[in-house]
Amino acid sequence: MYRSHIAVCFALVGIFLGAVVQCAPAEVANFYEVFNNPDAHLSLTNGPDTIHFIEEHGYPAERHYVTTEDGYIISLFRIPYSHNIQNQDEKRPIAFIQHGLFASSDFWPSLGPDDGLPFLLADAGYDVWIGNARGNRYSRNHTSRSTSHPDFWRFSWHEIGYFDIAAAIDYTLSTENGKDQEGIHYVGHSQGTTVMFVLLSSRPEYNAKIKTAHMLAPVAFMDHMDDVMVNTLSPYLGFNNVYSTLFCSQEFLPHNDFVLALMYSVCLPSSIVYRFCSTSTETTEDQGRTNSTASALTSGVMPAGVSTDQILHYMQEHQSGHFRRFDFGTKKNQKTYGAETPEDYPTELITTEMHLWYSDNDEMSAIEDVLRVAETLPNKVMHHMEDPLWDHMDFALNWEVRHYINDPIVAILNEYEGK
């Protein structure tokens, strides 16, 4: 989850909650219609896509479409080989990278070839795949559902893990280069870690398909999260009530020009809601900790599109203190799960070699919560960041992310592969 975007989004949620309390459900505005007003477009988003971010540095790029078991069509981008080492005729181990909440595959190559993990992996001889969760700008198709209908948006990160990541893994292993390979290496950030916890605990057979998993700022348990907006809003959005019912199963902040302009403008110092924006700004931008070029690129492509149910599910985690499936309310829980409350994810069933990368200053992934999920994992390796200022976004955009994160991950993969 990306903190500055989340803060702004929650500020907007607060406005939304204040409005819906005075109107009946039938009168609540459809988010898609509100934020997709063609008259409000400011022509910000006719910019680059993931293919451009990759090819502009000379690397080959491919886009693949994968249909999940429940009919969603997701996009995967691929760097099949490195033009620097010309290894296209060799058998290449597979590395798969997954984004967090509000993001897309655009996020990873934004750091460029000197620091970006996809490029470093390609130059190390890997077949690199970059995933996209259902509902974001690259995965907005379904075999029978339209994005303008709530049925399309009835998913949380449970379905992303259970269906999308599973389908993506199977697809990469079905390619010519993937055939006869025992599995893939996985790297995820924030929600990209949540979905892997979901998959490996819910479908334990996929443990055999993951060689190593690298969880950057892992998010499972969330009751120690120290974020003002989350603490304020989770009592209202955390469980099945009038607010969560009105808020659920919609597209939240679609990827279009109006929303991108809003997200950019709302965090300017002159904005009346500036105080809701990231409090980590002082330790990132002002102190030069963040790659400003990458930050500028990602600000033009985020938010990439999510379901409100993803946000609701995280709020439920924060309120309940559990890492468990979506809470539909007692009646539907009984029908769906055969119990009044959702079942916890059995993370003790995760046998994959799990590398947990975590820090003291990450308000979205509290150290107590990371250690709690780590206790349940039988095969984990802990990577604690010694930098006391290292925060949630540093795992992706810090100027020294190559030194502290990306190069060590490549080294671990190389050791596994015997390189």
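Preceding this section is the structure that the text describes.
Residues numbered from 1 in each chain as written. Predicted model: local features only at pLDDT ≥ 70, side-chain atom pairs only at ≥ 80, totals over all residues. Heavy atoms only, no water.

A few words now on the overall build of the protein chain. A tally of regular secondary structure across the protein chain gives 16 helices and 11 strands. Nonlocal contacts in the protein chain, meaning residues at least 24 apart in sequence, comprise 79% of its contacts between residues at least 6 apart. On the protein chain, roughly 16500 Å² of surface is accessible, and the fraction owed to carbon and sulfur atoms is 50%. (Helix = DSSP H or I, 4+ residues; strand = E, 2+ residues; numbered from the N terminus. Contact = heavy atoms within 4.5 Å. Areas by Shrake-Rupley, 256 points an atom, 1.4 Å probe, with all protein chains shown as cover.)

With that settled, consider the pattern of salt bridges. Oppositely charged side chains can pair when the atoms bearing their charge come close. Across all of its chains, the model carries 15 salt bridges by this definition. For the salt bridge of Lys 179 with Glu 176, the shortest nitrogen-to-oxygen distance reads 3.7 Å. Linking Arg 325 and Glu 343 is a salt bridge whose minimum nitrogen-to-oxygen distance equals 3.4 Å. In this pair, Arg 325 sits in the loop between helix 12 (308–320) and helix 13 (330–337) while Glu 343 sits in the loop between helix 13 and strand 10 (353–358), placing the two residues 18 residues apart along the sequence. The partly exposed category is assigned to Glu 343, whose relative accessible area is 44%. Through salt bridges with shared partners, one network takes in Glu 62, Arg 78 and Asp 127. (Salt bridge = Lys/Arg side-chain N within 4 Å of Asp/Glu carboxyl O. Buried < 20%, exposed > 50% of the residue type's maximum accessible area, 1.4 Å probe, protein only.)

Moving on, we get to unusual backbone geometry. The backbone of Phe 102 shows a phi angle near 75°, a positive value even though the residue is not glycine. Among the secondary structure elements, Phe 102 is positioned in the loop between strand 3 (94–98) and helix 4 (117–123). The class for Phe 102 is buried, based on a relative accessible area of 1%. You will see that Ser 190, though not glycine, has its phi angle at about 55°, which is positive. Here Ser 190 lies in the loop between strand 6 (184–189) and helix 6 (191–202).

Okay, helix 14 (residues 367–376) next. Considered for burial, the residues of helix 14 that qualify are Asp 369, Val 370, Val 373 and Ala 374. Seen end-on, helix 14 carries its buried residues on one side only, within an arc spanning 140°. Turning to helix 14, the residues buried within the fold contact helix 6, strand 10 and strand 11 (380–384). (Arc of directions from axis to C-beta.)

With that settled, the discussion passes to the packing of helix 5 (residues 157–174) against helix 12. Viewed as axis vectors pointing N to C, helix 5 and helix 12 meet at an angle of 110°, and their least axial separation amounts to 8 Å. Compared by their axis directions, helix 5 and helix 12 come out roughly perpendicular. The residues of helix 12 that touch helix 5, namely those facing Trp 157, His 158 and Ile 160, are Gln 310, His 313, Tyr 314 and Glu 317. The residue inventory of the contact of helix 5 with helix 12, partitioned by class, reads 3 nonpolar, 3 polar and 1 charged. (Axes fitted to C-alpha atoms, helices over the stretch in contact; angles between N-to-C directions. Parallel < 35°, antiparallel > 145°, perpendicular 65-115°, else oblique. Nonpolar A, V, L, I, M, F, W, Y, C, P; charged D, E, K, R; others polar.)

Moving on, we come to the environment of Glu 363. Secondary-structure assignment places Glu 363 in the loop between strand 10 and helix 14. Spatially, the C-alpha atoms of Glu 363 and His 224 are 8.6 Å apart, while their sequence positions differ by 139 residues.

Here the structure, examined in full by the defined rule, presents 21 aromatic pairs. An angle of 75° between the planes, with centres 4.9 Å apart, marks the rings of Phe 77 and Tyr 138 as edge-to-face. You can see Phe 77 sitting in strand 2 (residues 72–79) and its partner Tyr 138 sitting in the loop between strand 4 (127–130) and strand 5 (141–142), a full 61 residues away along the chain. The two residues Phe 77 and Tyr 138 agree in class, both being buried. Taken together, a centroid distance of 6.4 Å and an interplanar angle of 40° make the contact between Trp 157 and Tyr 345 tilted. (Phe/Tyr/Trp six-rings, centres within 6.5 Å; stacked < 30°, edge-to-face > 60°.)

Moving on to the environment of His 383. Mapped onto the fold, His 383 is located in strand 11. The buried category is assigned to His 383, whose relative accessible area is 17%. For the pair His 383 and Ile 405, spaced 22 residues apart in sequence, the C-alpha to C-alpha distance is 9.4 Å. Those residues in contact with His 383 that sit more than four places away from it in its chain are His 355, Leu 356, Trp 357, Tyr 358 and Ile 412.

Remember, this is a structural readout, not a statement about activity or role.
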